[in-house]
Amino acid sequence: MGVAVMKLRNPPVNSLSLECLTEFTISLEKLENDKSIRGVILTSECPGIFSAGLDLLEMYGRNPAHYAEYWKNVQELWLRLYTSNMILVSAINGASPAGGCLLALCCDYRVMADNPKYTIGLNESLLGIVAPFWFKDMYVNTIGHREAERALQLGTLFSPAEALKVGVVDEVVPEDQVHSKARSVMTKWLAIPDHSRQLTKNMMRKATADNLIKQREADIQNFTSFISKDSIQKSLHMYLEKLKQKKG
Ligand SMILES: CCCCCCCCCCCC/C=C/CC(=O)SCCNC(=O)CCNC(=O)[C@H](O)C(C)(C)COP(=O)(O)OP(=O)(O)OC[C@H]1O[C@@H](n2cnc3c(N)ncnc32)[C@H](O)[C@@H]1OP(=O)(O)O
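What you see as residue numbers is a count from 1 along each chain, following the sequence as written. Totals for whole chains, interfaces and linings use every residue, but because this is a predicted model, local features are given only for residues with pLDDT of at least 70 and side-chain atom pairs only at 80 or more, for both listing and counting. With hydrogens and water excluded, all non-hydrogen atoms of the structure serve as input to the side-chain values.

In the nomenclature of an unreviewed UniProt entry, the protein chain is known as Enoyl-CoA delta isomerase 1, mitochondrial of Mus musculus.

This is the structure:
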C-alpha cells in the first residue's frame, strides 16, 4: 500500500548521534523521492525505548566546530521530517524524552504503547539546557501555549495516559497493538487524496518551518555558544553522571 516502516536502531537507547541523524535524513530523503511511498510508520527496534533523544555525547566535551556540525544536522532532520509530504505516523513503543519526543511531534499522528514505564515530553530543562525555539513552537502547535509553557519549564515527562490527556499523543493502546493500530491509522490517512492533504499540511506547518529556515545560521551560532558555556557543560556532566549512577 505504499507504506514504509522505519525502525530506529542505535542501541542501547536510540540516541541520535551524528551518524544516526545523517542516516535517518538520507533514508527519509530516499523515501520522499520514491513516488511509490505515500506514508511512513516511525518506530523503534530497541526494546522499551523509542529514542533517548539527541546524543548527549555529541554535545559534551567536543569543540565548537563539532557542535555546529551536529546542530546543522539536527536542524536538517527536523526540517525534513516536519515538512515531509508523506504521511508520518509514529508507533511509540518506548521512552521518548526530548529529541525522541521531537521525532514523534513531527509526525501527523502519534500512537503510544500503554506502559506507564514509558514517558514522553520535552525534558530539556531537567538537564539544565533550554529547548530551542523551534522545539517550543512545535510543542505549542501540538498542545497549546499554556500546557507547553508549563511542561517546558517543568521538563515534564508524561506517562502515556497524561500524554493523551494533554494531547502530546493522539492515541494510547495496549503495547501489543501499537503497530497494528499505526497501520490502521495509516489506512485511514491514505484514503485522503495526497494533493489536498499535502497542501493542507503545508498550510498548517509552513510558518513554523520558515521561522527556522530564515535564521538557521543564527540558530547554529546560538546553539554553539550556549552549549560551549562552562556552566552548561557542567550541567550536562552532572546529568550524565546521574544516568550512570542510576545503574547502581
Ligand atoms: C534564550 C536563549 C537560550 C539559547 C538557546 C540555545 C538553544 C540550545 C539549547 C540546547 C538544546 C539541546 C537539545 C537537546 C534535546 C535532547 O534530546 S537532549 C537528550 C535528552 N535525553 C534524555 O534526557 C534521556 C536520558 N536517558 C534516559 O532517561 C534513559 O537512558 C532512558 C529512559 C532513555 C533509558 O533508560 P535505561 O534503559 O535504564 O538505560 P540507561 O542505563 O539509562 O542508559 C544506557 C546508556 O545509554 C546512555 N544514554 C542514555 N541516554 C543518552 C543520550 N540521550 N545520549 C547519550 N547517551 C545516552 C546512558 O548514559 C547509558 O550509558 P552507559 O551504559 O552508562 O555508558
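Caption draft 1: Molecular detail of the pairing of strand β8 (residues 109-113). For each residue, the accessible area found with a 1.4 Å probe, counting protein chains only, is set against the maximum for its type, and the residue is called buried under 20%, exposed over 50%, and partly exposed in between. We count a stretch as a helix when DSSP gives it H or I for four or more residues in a row; a strand needs E for two or more, and each element gets its number in order from the N terminus. In terms of burial, β8 is a largely internal element, 5 of the 5 residues being buried. Judged by which residues are buried, β8 turns out to be covered on both faces: Tyr109, Val111 and Ala113 on one side and Arg110 and Met112 on the other are all buried. For two strands to pair, DSSP has to find at least two bridges joining them. Direction of pairing for strand β6 (residues 87-92) relative to β8: parallel, over a ladder of 4 bridges. Across the sheet, the residue bridging to Val89 is Tyr109, located in β8. Alignment of β8 against strand β10 (residues 171-173), held across 3 bridges, turns out to be parallel. For Met112, the partnering residue across the bridge sits in β10 and is Val172.

Caption draft 2: Molecular detail of the nonpolar core. What makes a nonpolar core is a set of buried Ala, Val, Leu, Ile, Met, Phe, Trp, Tyr and Cys residues whose side-chain atoms join them at distances within 4.5 Å. Within the largest apolar cluster, 79 residues are counted, with the highest numbers of intra-cluster contacts made by Trp78, Leu103, Ile120, Tyr139 and Val168. Considering every element that reaches this core, the biggest residue donor is helix α2 (residues 64-82), with 9 residues. Only heavy atoms enter the contact rule, under which two residues are in contact if any of them lie within 4.5 Å. Dropping the residues within four chain positions of it, Val168 is found in contact with Cys101, Leu105, Arg110, Ile120, Tyr139, Ile143, Phe158 and Ala163.

Caption draft 3: Region of interest: the environment of Leu77. Inspection of the secondary structure puts Leu77 in helix α2. Its relative accessible area of 3% is what places Leu77 among the buried residues. Along the chain, Leu77 and Ala148 lie 71 residues apart, while their C-alpha atoms are 22 Å from each other.

Caption draft 4: Spotlight on the pattern of salt bridges. For this document, the term salt bridge refers to a Lys or Arg side-chain nitrogen within 4 Å of an Asp or Glu carboxyl oxygen. Evaluation of the coordinates by the stated rule reveals 14 salt bridges. Across the pair Arg38 and Asp194 runs a salt bridge whose closest N-O atoms are separated by 2.8 Å. Here the residue Arg38 occupies a position in the loop between α1 (18-33) and β3 (39-44), and Asp194 occupies one in helix α8 (residues 194-213), the gap between them amounting to 156 residues. Note on Asp194: relative accessible area 22%, which makes it partly exposed. Across the salt bridge formed by Asp194 and Arg197, the nearest N and O atoms sit 3.5 Å from each other.

Caption draft 5: Structural detail: the pairing of β6. Within β6, 6 of the 6 residues are buried, leaving the element largely enclosed by the surrounding structure. The two faces of β6 match: Ile87, Val89 and Ala91 on one face and Leu88, Ser90 and Ile92 on the other face are all buried. Examined bridge by bridge, β3 and β6 share 4 bridges and lie parallel to one another. Its bridge partner lying in β6, Val40 is registered against Leu88.

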